[in-house]
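Fold and geometry: a report
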Amino acid sequence: MERKIGEIFEYNGEWYQCVKQPKEFDDTVCNLCAMSKIKGCEIDECSGQYRTDRESVIFKKLEKVGNPYEYMDRFYQKYRLFFPINETVNLEIKQKQEDMEENKLNLKPFDLEAAKLGKPVCTRDGRKARIICFDMKGDICPMVAAVEENGVEYLYRYDEKGLNCYKESNEDLMMLPEKKEGWVNIYQKEQNRFPEGIFPSKDKAIESISEIGRKYIDTVKIEWNE
């Protein structure tokens, strides 16, 4: 599909803009195109040889500016455009507020020592990441991580704070909350007793019932993030 120069479009939940190919980067232009990293180069979409306007183009991912906001019962996000330079656009988020809250991963700041112990990490925007090494030699960013995007992993370098190239971006590393689970016994309310705690297995929880002898209702599994 041919995109017009300046056109803004959505792809897999992200927003992009079609911009004119910089002539000074003819030899490395694919490295500047966001689509080459996502779905591979499709020459009929970007080469002037195949486009009706005879202009070669690249596709740039729009950068978010600030946090989402609500207006007239709808939710919007401001993005910085690549063309015209320094201008912004407000795009509607096609989600309810409840959905937005569910998608918040409750991420914690990157913790180098916890990461070295194998605690799970991800990017600031929630993509899966796994740290390859913490001590890459000869580079000011010694940590290397593989970040997954649409089933493909890309390598990024980080400083000890988890920042990509010492500046905040969506590629920064964050600590992903660990999913915990356990079992609790439910009793009748009129017993006026507090639950005895969370058990590591259903069997352990049921064992405690005979010891306490309360008016037991059920044993249920619970999950939470920590």
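These lines cover the structure that appears in this document, whether it is placed above or below. Keep in mind it's a predicted model, so treat the numbers as computed, not measured.

When helices and strands are counted, the chain shows six helices and 13 strands. By residue count, 32% of the 226 residues in the chain fall in the buried class. Counting contacts in the chain only where the partners sit at least 6 residues apart, residues at least 24 apart contribute 46% of the total.

Take the state of the cysteines next. One pass over the full model with this rule turns up zero disulfides. Free of any disulfide, C18 has its nearest cysteine sulfur in C33, 8.9 Å distant. Taking the relative accessible area as the measure of exposure, C18 reaches 0% and is therefore buried.

To continue, consider a nonpolar patch on the surface. Residues I5, F82 and F83 make up a contiguous nonpolar surface patch of roughly 270 Å² in combined accessible area. With respect to the helices and strands, F82 occurs in the loop between strand 5 (74–80) and strand 6 (88–93).

Mapped onto the elements of the fold, E63 is located in strand 4 (residues 63–71). Of the residues examined, E63 reaches a relative accessible area of 46% and is grouped as partly exposed. For E63, the contacting residues outside a window of four places in its chain are K78, Y79 and R80.

Formed by 13 residues in total, the largest nonpolar core has its most connected members in F110, V121, M143, Y158 and L173. Looking at this core, the elements that each hand over two or more residues are helix 5 (112–116), strand 9 (143–149), strand 10 (152–158) and strand 11 (173–175). The contact partners of V121, leaving out residues within four places of it in the chain, are F110, A115, A129, I131, M174, M175 and L176. Listed in part, the 11 residues of the second largest apolar core include F9, C33, C46 and F59.

A few words now on the packing of aromatic side chains. Counting across every chain of the model gives three aromatic pairs. Residues F9 and Y16 carry aromatic rings whose centres are separated by 5.9 Å and whose planes lie at 25° to one another, so their mutual orientation is stacked. Here F9 and Y16 have matching classes, each one buried. Ring centres of F9 and F59 lie 5.7 Å apart, and the angle between their planes is 85°; on these two criteria the pair is classed as edge-to-face. Residue F9 is located in strand 1 (residues 8–11), and its partner F59 is located in strand 3 (residues 57–61); the two are separated by 50 residues in the primary sequence. Aromatic rings pair up to connect F9, Y16 and F59 into one cluster. Sitting over the ring of F9, R3 keeps its end group 4.1 Å from the ring centre. Positioned over the ring face of F134 is K116, at 5.9 Å from the centre of the ring.

Once that is clear, we can look at the sheet that holds strand 7 (residues 121–123). What links the strands of a sheet is backbone hydrogen bonding, and the strands pair in either a parallel or an antiparallel sense. Read across the open sheet, the five strands follow the order 10-9-8-7-11; overall the sheet is antiparallel. Each edge of the open sheet is held by one strand with a lone partner, namely strand 10 and strand 11. Looking at each pair of strands side by side, their axes are set apart by 40° on average, direction ignored.

Below, the discussion takes up the side chain of S56. Its place among the elements puts S56 in the loop between helix 3 (43–46) and strand 3. S56 gets classed as buried once you look at its relative accessible area, which sits at 18%. Separated by 3.0 Å, the side chain of S56 and the backbone nitrogen of G48 make a polar contact.

Moving on, we get to unusual backbone geometry. Cis rather than trans, the peptide bond between F83 and P84 has omega equal to -5°. Structurally, P84 is set in the loop between strand 5 and strand 6. Even without being a glycine, R54 presents a positive backbone phi close to 60°. Mapped onto the secondary structure, R54 falls in the loop between helix 3 and strand 3. Despite not being glycine, N150 shows a phi value in the positive range, around 55°. Of the residues examined, N150 reaches a relative accessible area of 47% and is grouped as partly exposed.

The rules behind these values
- Residues numbered from 1 in each chain as written.
- Predicted model: local features only at pLDDT ≥ 70, side-chain atom pairs only at ≥ 80, totals over all residues.
- Heavy atoms only, no water.
- Helix = DSSP H or I, 4+ residues; strand = E, 2+ residues; numbered from the N terminus.
- Buried < 20%, exposed > 50% of the residue type's maximum accessible area, 1.4 Å probe, protein only.
- Contact = heavy atoms within 4.5 Å.
- Disulfide = S-S within 2.5 Å.
- Patch = residues over 30% accessible without salt bridge, like charges linked within 9 Å, V, L, I, M, F, W, Y side chains within 5 Å.
- Areas by Shrake-Rupley, 256 points an atom, 1.4 Å probe, with all protein chains shown as cover.
- Salt bridge = Lys/Arg side-chain N within 4 Å of Asp/Glu carboxyl O.
- Core = buried A, V, L, I, M, F, W, Y, C linked by side-chain atoms within 4.5 Å.
- Phe/Tyr/Trp six-rings, centres within 6.5 Å; stacked < 30°, edge-to-face > 60°.
- Lys NZ or Arg CZ within 6 Å of the ring centre and 35° of its normal.
- Pairing = 2+ DSSP bridges.
- Axes fitted to C-alpha atoms, helices over the stretch in contact; angles between N-to-C directions.
- Polar contact = N/O pair within 3.5 Å; in protein donor to acceptor, adjacent residues only side chain to side chain.

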